Amino acid sequence: MQPGISIDLPPASVAVVLGTRPEIIKLAHIIRLLGPAARVIHTGQHYDANLSEVFFGAFGLNPPTHYLGVGGETRGIQIGDAISRLTRLLDDDPARAVVVQGDTNAVLAGALAANATETPLVHVEAGLRSYDRAMPEEHNRVVCDHLSDLCLAPTETSASNLAKEGIEGDRVAITGNPVVEAVQILLPRAEQRAEVLSGYSLERNGFILSTFHRPENVDHPRTWKTILTDLAGLPLPVLLPLHPRSRQRAASFGLGPLLDRLQVVDPLPYPEFLALLAECALAVSDSGGIQEEVSVVKRPVVVVRNTTERPEVLGTFATLRRPGEGATEAISAIMEDLPTVHHRLAQTPTPYGDGTASQRSVNLIDRLWV
C-alpha cells in the first residue's frame, strides 16, 4: 500500500472481479492501493497466459485468490457460469463490496452476483456509451451502471451519460481513468523503447502498430478481409500483435496470405506494447483501450469500428472510420504531415485525468461505509 492511503477495511473485504487483460491493467493500481483488503477473482475470460498471467507479474501483483476458468465458452455460458460461481463465493465468504471495471462479460457477471448477494457494487469506468445495441459490451456496461451503488465515471461526458439515465447524486463520482497511471508506471524509458524497436527491426515513426479483436470485425469474413487488405497495402511496415481468436478467424476464412504480408506477432507484454505505441507513426485498431493509451503517449489512432464509446478523443487523438469506409484515406491524411500531427498531439492533454484515478477510486470505496 502506498504512503498516505489509509484503508479502514478488514483483510479480504473487497472482491475485485476481472477477466481480461484491460481489466487487469486498469484495476492493478487499485488492487495495490487496497492491499490486503483486496480479494481478486479472475473469471478466466482471457485464459491465454499472454493475455492474463503476465500482466499480474508486470504490475507486481500476487496471483488471483480465485480463478473460475469460464474462458472458451460462448458469452451466455461464460456469464451464467461466472454468476453461479461468484454468487457461491460471495455467499461463503461475504465481501464488503464488489469492484468491477469496464464492459466485459466478467463485469456483467460480477454485477449480477453482487446484486444477488446484496453486496455493494462499484463500477470503475462507468458511464461510457456507444449507443450501439449491436455491441455486447454496451449491454454489459448499461446493466452494470444501473445496478451499481457507486459509478466511478472517468470524464464529465460519462457522468453526463449517467445523469441522462437517472443515475446521479452520491451514486456518481468523476475520477479520471486508471489507464493514465498504468501507462505512466509501465511505459519504458526512451533507451529501452529503442531496444524494443531494434528487436523488431523497426524505426521510430517508421511503422504502424495495429490490433484487431472485436467480433464485429474479425467474425465476418468480408470485413476481416477488407481490414487485412487495407493493412497490407499501407506504405509503412505494419506490426500486428494478434489475439489468438483473431488469428484463428483469419485462418478459417483463408486469409493467411494477407497475414503473411504483415509482421504478425503474439500478444505482447504490456510494457513492450506501450513502448511500440509510443514510437509508432500511428496506430490502427478496434481497441477501446488504445483510444485511451494514445492520449497518454501522444500518438494518433485510426479506429476501425462502427461506433465508439470514447468520444472524448475524437478529433484529437482518434479518427473513427467504419470498416471499408475511408480508413486508408484517414491513415494517408495523418501520414502526409506526420511531424505536425505528432507536435500537435504532444501539446494536447489527455481527457482522462491527471494520473490519480486509482487513489480517488480507493478513497471513494472506503467512504461507502462511513
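Refer to the structure presented above.
Below: a short report on this structure.

The rules we used
Residues numbered from 1 in each chain as written. Predicted model: local features only at pLDDT ≥ 70, side-chain atom pairs only at ≥ 80, totals over all residues. Heavy atoms only, no water. Helix = DSSP H or I, 4+ residues; strand = E, 2+ residues; numbered from the N terminus. Expected span 1.5 Å × (residues − 1). Buried < 20%, exposed > 50% of the residue type's maximum accessible area, 1.4 Å probe, protein only. Arc of directions from axis to C-beta. Pairing = 2+ DSSP bridges. Contact = heavy atoms within 4.5 Å.

Things to note about helix H3 (residues 75-92)
So, point 1. The terminal C-alpha atoms of H3 lie 26 Å apart, and with 18 residues this matches the ideal 26 Å at 1.5 Å per residue to within 8%.
So, point 2. Buried residues of H3: Gln78, Ile79, Ala82, Leu86, Thr87, Leu89 and Leu90, and no others. The buried side chains of H3 occupy one side of the element, clustering within an arc of 165 degrees when seen end-on. Looking at H3, the residues exposed on the side facing more than 90 degrees away from the buried face are Gly76, Arg88, Asp91 and Asp92.

Considering the sheet that holds strand E2 (residues 38-42)
So, point 1. Spatial ordering of the open sheet is given by E3-E2-E1-E4-E5-E6-E7, a layout of 7 strands whose pairing is parallel. Since the sheet does not close on itself, it has two edges, and those belong to strand E3 (66-67) and strand E7 (172-174), each with one partner.
So, point 2. Note that strand E6 (residues 150-153) and E7 share 3 bridges and pair parallel. Looking across to E7, one finds that Ala153 is bridged to Ile174.

As for helix H6 (residues 156-164)
So, point 1. Among all positions in H6, only Ser158, Ala159, Asn161 and Leu162 are buried. The arc enclosing the buried residues of H6, seen along the axis, measures out at 155 degrees, which places them on a common side. Across from the buried face of H6, at angles greater than 90 degrees, the exposed residues are Glu156 and Lys164.
So, point 2. In this structure, the buried side of H6 is in contact with helix H5 (136-147), E6 and E7.
So, point 3. Positioned one or two residues after H6, Gly166 has a phi angle of 85 degrees, which is positive.

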